[in-house]
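Single-letter residue listing:
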Amino acid sequence: MGAHTKTDLKAHIVWVPKYRKAVLTGQVAIRVRDVIRQIAMEHEFPIISGKVAKDHVHVFISYPPQYDISKIVQYLKGISSRVLLQEFAHLKKQFWGRHLWARGYFAVSSGTITDEMIQTYIQDQEGEPVEDDSRFQID
């Protein structure tokens, strides 16, 4: 990223164990939290907030533009799955096939301005008058 570039990218990510099993309790929940914190720190996407529920995980992160959300989720789910299945024998028995987490995830971006604010900002910019005022709208 260049010296003249500023970003403020944030995302809320949620994922679940396979079969939505309620296995994220006790020591497993504590270890999930600690592993996710470690992954985020190593890959430099700070966790703003998060929660480990018995059958799903929420993280709200800030991330640099060189990361895709899909890559961030790959790190979070892949590394945490490997660590947890190695450390907790009872999970290894329940989740055969080396997969703790279900396929997929939910992700939504977050920001401090609304879509309407961006549209108003663009409309208020100076530019050459255009006969057709549709600007960049393509139907």
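Just so you know, these numbers come straight off a predicted model, no measurement behind them.

(A) Looking closely at the side chain of K10. Residue placement: K10 occurs in strand β1 (residues 9-15). Separated by 3.1 Å, the side chains of K10 and D8 make a polar contact. Filtering out sequence-adjacent residues up to four positions away, K10 remains in contact with I48, F60, I61, S62, Y63, V108, S109 and S110.

(B) Representation of the packing of aromatic side chains. Overall, the coordinates contain 3 aromatic pairs when judged by the stated rule. Measuring from centroid to centroid gives 5.8 Å for W15 and W101, while their planes differ by 85 degrees, and the two rings are edge-to-face. In this pair, W15 sits in strand β1 while W101 sits in the loop between α3 (89-94) and β4 (106-110), placing the two residues 86 residues apart along the sequence. When its relative accessible area of 6% is taken as the criterion, W101 is described as buried. A centroid spacing of 6.1 Å and a plane angle of 85 degrees characterise the contact between Y67 and Y75, whose relative ring orientation is edge-to-face. By relative accessible area, Y67 is classed as buried at 17%.

(C) Geometry of the environment of A107. On the secondary structure map, A107 appears in strand β4. Along the primary structure A107 and F60 are separated by 47 residues, whereas in three dimensions their C-alpha atoms are 9.5 Å apart. If sequence neighbours within four positions are ignored, A107 has contacts with H12, I13 and I69.

(D) Broad picture of the pairing of strand β2 (residues 47-53). Relative to strand β3 (residues 56-63), β2 runs antiparallel, the two being bridged by 6 bridges. Its bridge partner being in β3, K51 is matched across the sheet by H58. With antiparallel pairing between neighbouring strands as the criterion, β2 and β3 make up a hairpin whose turn holds 2 residues.

(E) Summary view of the confidence of the model for the protein chain. Chain-level pLDDT for the protein chain is 87 on average; 88% of the residues reach the 70-or-more range. Per-residue pLDDT, averaged within each element of the protein chain, yields its smallest value for helix α4 (residues 115-123) (78) and its largest for helix α2 (residues 69-87) (97).

(F) The arrangement of the pattern of salt bridges in detail. Applying the stated rule across the entire model yields 5 salt bridges. The partner of R31 in a salt bridge is E87, and the shortest N-O contact between them spans 2.7 Å. On the criterion of sequence distance, the pair formed by R31 in helix α1 (residues 26-42) and E87 in helix α2 is long-range, its members being 56 residues apart. Under the relative-accessibility criterion, R31 is labelled partly exposed at 29%. Between D34 and R37 there is a salt bridge, with the nearest N and O atoms lying 3.9 Å from each other. Linking D34 with R37, this pair stays in helix α1, spanning 3 residues, or about one helical turn. On the accessibility criterion, D34 (29% relative accessible area) is partly exposed. The class of R37 is partly exposed, set by a relative accessible area of 48%.

(G) A look at α1. Here α1 is 17 residues long and its end C-alpha atoms lie 25 Å apart, about the 24 Å a rise of 1.5 Å per residue gives. Residues of α1 that are buried include every one of V28, A29, V32, V35, I36, I39 and A40, and no others. Each buried residue of α1 lies within a common arc of 130 degrees when the element is viewed along its axis, so the set occupies one face. More than 90 degrees from the buried face of α1, the exposed residues found are G26, Q27, M41 and E42. Buried residues along α1 sit in contact with β1, β2, β3, α2 and α3. One or two steps after α1, the chain reaches E44, where phi turns positive at roughly 60 degrees.

Thresholds, definitions, all that
- Residues numbered from 1 in each chain as written.
- Predicted model: local features only at pLDDT ≥ 70, side-chain atom pairs only at ≥ 80, totals over all residues.
- Heavy atoms only, no water.
- Helix = DSSP H or I, 4+ residues; strand = E, 2+ residues; numbered from the N terminus.
- Polar contact = N/O pair within 3.5 Å; in protein donor to acceptor, adjacent residues only side chain to side chain.
- Contact = heavy atoms within 4.5 Å.
- Phe/Tyr/Trp six-rings, centres within 6.5 Å; stacked < 30°, edge-to-face > 60°.
- Buried < 20%, exposed > 50% of the residue type's maximum accessible area, 1.4 Å probe, protein only.
- Pairing = 2+ DSSP bridges.
- pLDDT = per-residue confidence, 0-100.
- Salt bridge = Lys/Arg side-chain N within 4 Å of Asp/Glu carboxyl O.
- Expected span 1.5 Å × (residues − 1).
- Arc of directions from axis to C-beta.

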